[in-house]
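One letter stands for each residue in the lines below.
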Amino acid sequence: MTAARTARGRGAGRPTLEEVAARAGVGRGTVSRVINGSPRVSDETRAAVEAAVAELGYVPNRAARALAANRADAIALVVPEPEARFFAEPYFSDIVRGVSAALADTEMQLLLTLVGGDRERRRLAQYLGAHRVDGVLLVSVHADDPLPELLEQLGIPVVISGRRREDEPLASVDSDNYEGARAAVAHLVARGRRSIATITGPLDVYGARRRLDGYRAALAEAGLEELAAHGDFTEEGGRRAMTELLERAPHLDAVFAASDVMASGARQILREAGRRIPDDTALVGFDDSAIARHMDPPLTSVRQPIEEMGRAMAELLLTEITATEPARPSLVLPTELVVRASS
């Protein structure tokens, strides 16, 4: 305990802003400006206030500061997906990790909200309408999801992960889904594969459509025919789609799955059908998650920088929150094909 704290007495409670001002020989407003990082303070005065803060052990009251600034000092990470999918897919945990890293040196609190149905959506609308957060990070947005428009109506800054369409009006961070898929299929063509199927993601998700477009472009360049089955980014969806593909085209010699999770499901069906990977059927996924690295054989996959995407989303949102006019930038990060034994 410092001498200053002892002089105030053990039962005096936490030091106040007024006591810091008295110790530094300045006004209360000057102390407030120093604590809030205002440039309108001389170096000499700033040093005196900081010394008084250290001597007294003063800790700013975050709640009071937020109220005075009309801020909540909180950001909501909203995932409009069922709980089962959130915990099953490594994509979401990587996004959370990136967001948390970006907020680590700020005073922002991160609130995670899963919105799996209409009831949760109504509760979220009431919560956000009370302005309990300063901004929203929206992950895994489907084309018909009303949440982005709701946030715009409420005037809450928002950044979404993955555009909903080419001319996305909101601030967004995405990976190059088209080029990633095109590179994956071009790799299979270069390995001599000629009957290349794809298991798509849900086509109400723009990123899934762009992966399908990339697949089609690579096939067109090679003069090969399309063979697609629709999935939903789940392991069970991968199993169903792979079963359908083998029934329709038992001669297929390669599969590009639009997620590692679906590739895992496809692998199970291929094994059950007696197909050796990659000898009989090559397999490529998308995400380069831990699933890809731990699969047997290890899965060739398109790496998208998911953690970096989460970090970039949080940084964009912090900028949007403090901006006088929203810039609403769109950031697209590059992908990389990681070749492993499955292809």
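Residues numbered from 1 in each chain as written. Predicted model: local features only at pLDDT ≥ 70, side-chain atom pairs only at ≥ 80, totals over all residues. Heavy atoms only, no water.

In the annotation of an unreviewed UniProt entry, the protein chain is listed under the name LacI family DNA-binding transcriptional regulator and assigned to Streptomyces mauvecolor.

**Student:** Help me get a handle on the sheet that holds strand β6 (residues 196-200), residues and values and all.
**Tutor:** Across the sheet, which stays open at both edges, the 6 strands sit in the order β7-β6-β8-β9-β10-β12 with mixed pairing between neighbours. Strands with a single pairing partner mark the edges of an open sheet, and in this sheet they are β7 (228-230) and β12 (336-338). Pairwise comparison of adjacent strand axes, ignoring direction, gives a mean angle of 20° for this sheet. Direction of pairing for strand β9 (residues 282-287) relative to strand β10 (residues 300-303): parallel, over a ladder of 4 bridges. What sits directly across from aspartate 287, in β10, is arginine 303. (Pairing = 2+ DSSP bridges. Helix = DSSP H or I, 4+ residues; strand = E, 2+ residues; numbered from the N terminus. Axes fitted to C-alpha atoms, helices over the stretch in contact; angles between N-to-C directions.)

**Student:** Describe the pattern of salt bridges, and please don't skip the residues or the numbers.
**Tutor:** Applying the stated criterion across every chain, the model contains 27 salt bridges. Aspartate 174 is the salt-bridge partner of arginine 163, the closest N and O atoms lying 3.6 Å from each other. Here arginine 163, found in the loop between β4 (158-161) and β5 (171-175), pairs with aspartate 174, found in strand β5; they are 11 residues apart in sequence, far enough to count as distant. In this structure aspartate 174 comes out as buried when scored by relative accessible area, which is 5%. Bridged by salt links that share partners, the residues Asp232, Glu235, Glu236, Arg239 and Arg240 form one connected network. (Salt bridge = Lys/Arg side-chain N within 4 Å of Asp/Glu carboxyl O. Buried < 20%, exposed > 50% of the residue type's maximum accessible area, 1.4 Å probe, protein only.)

**Student:** Tell me about the confidence of the model for the protein chain, residues and numbers included.
**Tutor:** Across the protein chain, the average pLDDT comes to 88, with 92% of residues at 70 or higher. Under a pLDDT of 50 for its full length, residues 1-7 has, in the predicted model, 10 contacts with residues more than four places off or in other chains. (pLDDT = per-residue confidence, 0-100. Contact = heavy atoms within 4.5 Å.)

**Student:** Provide a residue-level description of the side chain of glutamate 81, including the pertinent values.
**Tutor:** Structurally, glutamate 81 can be placed in the loop between β1 (74-79) and α6 (83-88). One polar contact links glutamate 81 to arginine 85, side chain to side chain, over a distance of 2.6 Å. In this structure glutamate 81 touches Phe92, Leu114, Val115, Gly116, Ser140 and His142, once residues within four positions along its chain are discounted. (Polar contact = N/O pair within 3.5 Å; in protein donor to acceptor, adjacent residues only side chain to side chain.)

**Student:** Please provide a residue-by-residue account of the nonpolar core, values included.
**Tutor:** Counting residues in hydrophobic clusters, the biggest one holds 43 residues, and the most contacted among them are Ile196, Ile199, Met242 and Phe256. Counting residues per element, the ones that place at least two in this core are α10 (177-190), β6, α11 (206-222), α12 (235-248), β8 (254-257), α13 (260-272) and β9. (Core = buried A, V, L, I, M, F, W, Y, C linked by side-chain atoms within 4.5 Å.)

**Student:** Describe the environment of alanine 241, listing the residues and the values that go with them.
**Tutor:** Residue position: alanine 241 is located in helix α12. Through-space distance from the C-alpha of alanine 241 to that of alanine 228 is 8.7 Å; in sequence the pair is 13 residues apart.

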